[in-house]
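# Coordinate analysis (summary)
If you want the building blocks of each chain, they are given just below.
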Amino acid sequence: MTLLQIMADDDAGEVRLRTGDASVIGTELAGRGIEFDRWPAMSGLGAHIPNEDILAHYADRIAELNADGRYRHIDLARLQPDDADPQWSAKAEAARGKFLSEHRHAEDEVRFFVTGRGCFYLHLEPEVVAVVCEGGDLVSVPAGTRHWFDMGTRPDFVAVRFFEEEDGWIGDFTGDEIGARFPALDELIAA
Ligand SMILES: [Fe+2]
């Protein structure tokens, strides 16, 4: 379930709002300048479905979002458990660790979750706004916004990424280990 949890940025225990109501989530995020949308979920989505088929399924929505052509690179990020691969856990841990620390980007970070789950933590002083995205959720983190991302201890997601520049995913890390003081994705959804 999509989840929004708003906390004080100096005290993760001070939870100011926790809701799974999509319309409230949209309103709260819009009030903070964060774009959030929901697209119809794609049914029958198995691990065997090629990336091209997923992108083709959402072609109209993607074209609408990119009406002005600002996103010149659109691809799929895909990380799903593979028990047949003995290296999977190590790969997953490495992938998870990449964006667990606070950073920002030179362009908007736009992600549409086709399936699975991931959490954006937006550091919007004096708050930390945690958005647990699931299949059907689109979120756009504005350029320059301090944030971090947790894909959980068992990453499982397929997400469409929209980039203006090929290296748009590169993070400018702030050096603030604030992320370590907030509940991880697994803890957030278990609460
Ligand atoms: Fe990021």
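Here, the structure is the one placed above.
In this convention, every chain numbers its residues from 1, walking through the sequence in written order. In keeping with the model being predicted, local features are shown solely for residues with a pLDDT of at least 70 and side-chain atom pairs are shown and tallied solely at 80 or more, while totals for entire chains, interfaces and linings include all residues. Excluded from the side-chain calculation are hydrogens and water; included are all heavy atoms of the structure.

With that settled, consider the side chain of Glu109. Put simply, DSSP H or I for four residues or longer makes a helix, DSSP E for two residues or longer makes a strand, and each gets a number counted from the N terminus. Among the structural elements, Glu109 can be located in strand 6 (residues 109–124). The exposure class assigned to Glu109 is buried, which follows from its relative accessible area of 10%. Counted as a polar contact is a pair of N or O atoms within 3.5 Å, where, for protein atoms, one must be capable of donating a hydrogen and the other of accepting one, and residues adjacent in sequence contribute only when both atoms are in side chains. Only 2.8 Å separates the side chain of Glu109 from the side chain of His147, close enough to count as a polar contact. A contact between two residues is defined here by any heavy atoms of the two lying within 4.5 Å. Apart from the residues within four sequence positions on either side, Glu109 is in contact with His103, Phe120, Val139, Ser140, Val141 and His147. Exposure is judged per residue with a 1.4 Å probe applied to protein chains only, and the accessible area is read against the type maximum: over 50% gives exposed, under 20% gives buried, and values in between give partly exposed.

All right, on to the pairing of strand 2 (residues 11–19) then. Whether two strands pair depends on DSSP finding at least two bridges between them. Looking at chain direction, strand 1 (residues 3–8) and strand 2 are connected through 5 bridges and run antiparallel. Its bridge partner being in strand 2, Ile6 is matched across the sheet by Leu17. Where strand 1 folds back onto strand 2 in an antiparallel hairpin, the turn is made up of 2 residues.

This part takes up the environment of Phe157. Structurally, the position occupied by Phe157 is in strand 10 (residues 157–163). Residue classification places Phe157 among the buried positions, given a relative accessible area of 8%. With 41 residues separating them along the chain, Phe157 and Gly116 place their C-alpha atoms 3.9 Å apart. Here Phe157 is in contact with Ala77, Arg78, Leu79, Gln80, Phe113, Thr115, Gly116, Arg117 and Met151, once residues within four sequence places are set aside.

The next subject is the coordination of the iron ion. Metal sites are built from N, O and S donor atoms within 2.8 Å, or 3.2 Å for Na, K and Ca, and they leave out water, so they may look incomplete. In the first shell of the iron ion, the protein supplies His103 (NE2), His105 (NE2), Glu109 (OE) and His147 (NE2), at 2.1 to 2.2 Å from the metal. One way to put it: the 4 donor atoms around the iron ion meet at angles of 82 to 168°, and that makes the site irregular. For the iron ion, all donor residues lie on one chain, and their spacing in sequence is H-x1-H-x3-E-x37-H. Residue classification places His105 among the buried positions, given a relative accessible area of 6%. Just to be clear on the cut-offs, tetrahedral is four donors with all angles between 85 and 135 degrees, square planar is four donors and octahedral six with opposite donors over 155 degrees apart and all others between 65 and 115, and anything else goes down as irregular.

The subject of this paragraph is the side chain of Glu127. Locating Glu127 in the fold gives a position in strand 7 (residues 127–134). At a separation of 2.8 Å, a polar atom in the side chain of Glu127 contacts the side chain of Arg32. Each residue touching Glu127, except ones within four places of it in the same chain, is listed here: Ile6, Met7, Asp9, Arg16, Arg32 and Leu122.

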